[in-house]
Amino acid sequence: MHNKIVILTGAGISAESGLGTFRDENGLWSKYKIEDVATPKAFKNNPQRVHQFYNERRKQARESLPNSGHHALARLQANYADEVIIVTQNVDSLHEKSGATVIHMHGELDNALCSSCGFRWKAPLEMFPEEFCPKCTSPTGRPDIVWFGEVPYKMDSISKHLLEASLFVAIGTSGEVYPAAGFVQEAKLVGAYTIEINLEPSSIASNFAETRFGPATKIVPAWVNEILGKSPS
Ligand code: APR
Ligand code: ZN
């Protein structure tokens, strides 16, 4: 019997670090059209605009710091007796900055990807059209972000972890985007207990055995203390 905990995080866990979410009131998708900045076609038609969008987010993400929600998850991963797998939809590196290891299913702002040879390298702060690949030298560098219509990364290993989960927790995600929004169902199929931690009910809140509402910086540390059997510090 596994005691593996699988955690899925979304933009809500980075909100209190100053990074915008997507679908909240003045979220990113209220300012930009997805079809202009987050699809392969957008990049083909106007690479400059797409790079500009990610350059702004990369700069903001690089200047941001993890919050107590990120730190609590890193503490859980370091102290829990069994495995704690953190899968994130976020492309910032705040989980890593708090000392956690994480699976990025939607890519990372800090990486650049060559669409010709698949090579990845550390993205410069600003990227421009026809970025040269350091490996094959083609001018085909792009942000290493999974755009709408593309296949998320590491899905095989994520499914394997979900099959072994005894507890699945979704934190700070609206449950609007698949396949991430379907993870709770996969976990339930193997009998895992499921918890949603969010500022307000997501569109899939009813799929969870338990829901806890409030800001991640408050709710996540309290939940981690419970799991680690610690009295609230
Ligand atoms: N604490 C906890 N939850 C919060 C907080 C907070 N301080 N602030 C906002 N939230 C919640 C919101 O209530 C919302 O349910 O975080 C969620 C953010 O939802 P989205 O903006 O839709 O972000 P996310 O679910 O991560 O989006 C998934 O969609 O656009 C794509 O690739 C993009 O990874 C992204 C994916
Ligand atoms: Zn290349």
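Above: the structure in question.
As the structure is a prediction and not an experimental result, all values here were calculated from the model. (Residues numbered from 1 in each chain as written. Chains lettered and ligands numbered in written order. Predicted model: local features only at pLDDT ≥ 70, side-chain atom pairs only at ≥ 80, totals over all residues. Heavy atoms only, no water.)

In this model helix 9 (residues 216–227) runs 16 Å from its N-terminal to its C-terminal C-alpha over twelve residues, within 8% of the 16 Å that 1.5 Å per residue would give. For helix 9, every residue scored as buried is listed here: Ala216, Ile219, Val220, Pro221, Trp223, Val224 and Asn225. Lining the buried residues of helix 9 we find strand 1 (4–9), helix 5 (68–79), strand 7 (165–171), strand 8 (193–198) and strand 9 (210–213). Phi for Gly229, located one or two positions after helix 9, is positive at around 70 degrees. (Helix = DSSP H or I, 4+ residues; strand = E, 2+ residues; numbered from the N terminus. Expected span 1.5 Å × (residues − 1). Buried < 20%, exposed > 50% of the residue type's maximum accessible area, 1.4 Å probe, protein only. Contact = heavy atoms within 4.5 Å.)

Taken together, 23 residues lie near ligand 1, and Ala11, Phe22, Arg23, Thr173 and Ser174 sit nearest. Measuring from an oxygen atom of ligand 1, one finds a backbone N or O atom of Phe22 at 2.7 Å. Note that an oxygen atom of ligand 1 is positioned 2.7 Å from one of the side-chain N or O atoms of Arg23. If ligand 1 stood free it would expose 740 Å²; the protein chains cover 94% of that surface. Considering only residue class, the shell around ligand 1 consists of nine nonpolar, ten polar and four charged. (Near = heavy atom within 4 Å. Polar contact = N/O pair within 3.5 Å; in protein donor to acceptor, adjacent residues only side chain to side chain. Areas by Shrake-Rupley, 256 points an atom, 1.4 Å probe, with all protein chains shown as cover. Nonpolar A, V, L, I, M, F, W, Y, C, P; charged D, E, K, R; others polar.)

One open sheet accounts for six strands, arranged 3-2-1-7-8-9; its pairing is parallel. The open sheet has two edge strands with one neighbour each: strand 3 (103–104) and strand 9. Of the strand pairs in this sheet, strand 8 and strand 9 are connected by four bridges, and their pairing is parallel. Counted as the bridge partner of Glu196 is Thr211 from strand 9. (Pairing = 2+ DSSP bridges.)

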